Amino acid sequence: MCGRYSLVTTDVAVQIQLGNMQLELPSIARYNIAPTQFAPVVTNTQPGLFQHFTWGLVPFWSKDGKNTGKMINARAEGIESKPSFRQPIRTKRCLVLADSFYEWRKTGTQKQPYRILLQNGTWLVFAGIWEEWRGGEQPMRSFSIITTTPNREMATLHDRMPVLLLDAATQQQWLSENSLPSILALLKPPPDDVLTYYPVNPLMNKATFDAPSIHTPFSVEF
DNA sequence: CCAGACGTTGTT
DNA sequence: GTCTGG
DNA sequence: CCAGACGTTGTT
DNA sequence: GTCTGG
């Protein structure tokens with residue numbers, strides 16, 4: 001699955017190609033984005049800019065509007081019929097930008113985190129859905145990252161992984177008004193051999209720890 | 001009809 | 001809001 | 001996702 | 001064990 005990720009856009013070009021659009025990158029250096037925190041997304045309804053939404057989808061019918069972090073992920077299988085997701089998958093899709101995400105392997109009592117990124121070093125774009133809750137003073141907007149079965153290299157770490165939109169054409173399709181079947185057809189694992197990963201320091205297990213050193217390879221003790 | 005859930009991952 | 005279970 | 005709390009009365 | 005907070 002995907003329960004933490006990173007997005008570091010400082011020291012890179014300020015423009016990024018997403019779908020058929022050239023967007024200005026938000027300037028952020030987040031090495032440890034955790035559930036309930038704000039992160040940049042590009043929505044189908046306003047595809048010209050990045051907006052900061054809270055991670056963990058809050059359905060529009062929620063009573064208290066609290067982000068409990070329960071819906072940080074949405075399983076691709078059956079997403080079109082889940083009460084919380086059936087509207088968003090049809091009308092509220094978004095792109096979630098990242099440079100890497102994290103998965104954990106349990107070694108005895110230790111939880112060893114790994115950083116996963118593309119072999120070609122380009123941005124990761126997760127398939128996301130978003131929602132708007134209007135029960136309070138201000139509308140509250142949130143998002144969820146869709147998961148699917150793992151490709152070959154991810155299978156060694158976990159049995160789920162985020163859906164990746166690997167090229168501009170796919171990203172464009174995700175944001176466009178396509179039929180439900182053609183949208184669902186995009187929710188599949190990536191090809192094998194496009195990702196790579198390495199262990200990182202377990203200090204990052206704590207969600208409040210956010211530092212560049214998280215991206216430094218970590219020697220796993222045996 | 002009303003009440004209560006609505007989610008994922010992982011573990012047993 | 002909408003579906004399921006009783 | 002992981003880490004940390006999980007309780008009350010009374011006192012500062 | 002389970003919930004909350006980040």
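Refer to the preceding data block for the structure.
The structure presented is a predicted model; accordingly, all values stated were derived computationally and were not measured.

Draft legend 1. Main features of the layout of surface pockets. The computed volume of the largest pocket comes to approximately 280 Å³. Lining the largest pocket are 18 residues, and of these L118, N120, T122, W123 and L166 sit closest to its centre. Where the lining of the largest pocket is concerned, the elements lending two or more residues are strand 2 (15–18), strand 11 (124–133) and helix 3 (168–175). Per element, the largest residue contribution to the lining of the largest pocket is 3 residues, and it comes from strand 2. Tallied by class, the residues present in the lining of the largest pocket amount to 12 nonpolar, 5 polar and 1 charged.

Draft legend 2. Spotlight on the protein's contact with DNA strand E. Every residue lining DNA strand E is accounted for by R4, P35, T36, K66, A207 and T208. Counting only atoms of DNA strand E within 4 Å of the protein, the fraction found in sugar and phosphate groups is 21%. T36 places a side-chain nitrogen or oxygen 3.0 Å from a base nitrogen of DNA strand E. Partitioning the surface near DNA strand E into residue classes produces 2 nonpolar, 2 polar and 2 charged.

Draft legend 3. Region of interest: the pairing of strand 1 (residues 5–8). Residues Y5 and L7 line one face of strand 1 and the alternating positions S6 and V8 line the opposite face, and both faces are buried. As judged from the 3 bridges shared by strand 1 and strand 4 (residues 29–33), these two strands associate in the antiparallel manner. Of the residues in strand 4, the one forming a bridge with Y5 is I33. Across 2 bridges, the pairing between strand 1 and strand 9 (residues 100–107) is antiparallel. The partner of S6 across the bridge, within strand 9, is S100.

Rules used in this analysis
- Residues numbered from 1 in each chain as written.
- Chains lettered and ligands numbered in written order.
- Predicted model: local features only at pLDDT ≥ 70, side-chain atom pairs only at ≥ 80, totals over all residues.
- Heavy atoms only, no water.
- 1 Å grid on protein atoms, 1.4 Å probe; cavity = no way out; pocket = protein on both sides within 12 Å on 5 of 7 lines; lining within 4 Å.
- Points joined across faces, edges and corners; volume = space filled by probe spheres on them.
- Helix = DSSP H or I, 4+ residues; strand = E, 2+ residues; numbered from the N terminus.
- Nonpolar A, V, L, I, M, F, W, Y, C, P; charged D, E, K, R; others polar.
- Near = heavy atom within 4 Å.
- Polar contact = N/O pair within 3.5 Å; in protein donor to acceptor, adjacent residues only side chain to side chain.
- Buried < 20%, exposed > 50% of the residue type's maximum accessible area, 1.4 Å probe, protein only.
- Pairing = 2+ DSSP bridges.

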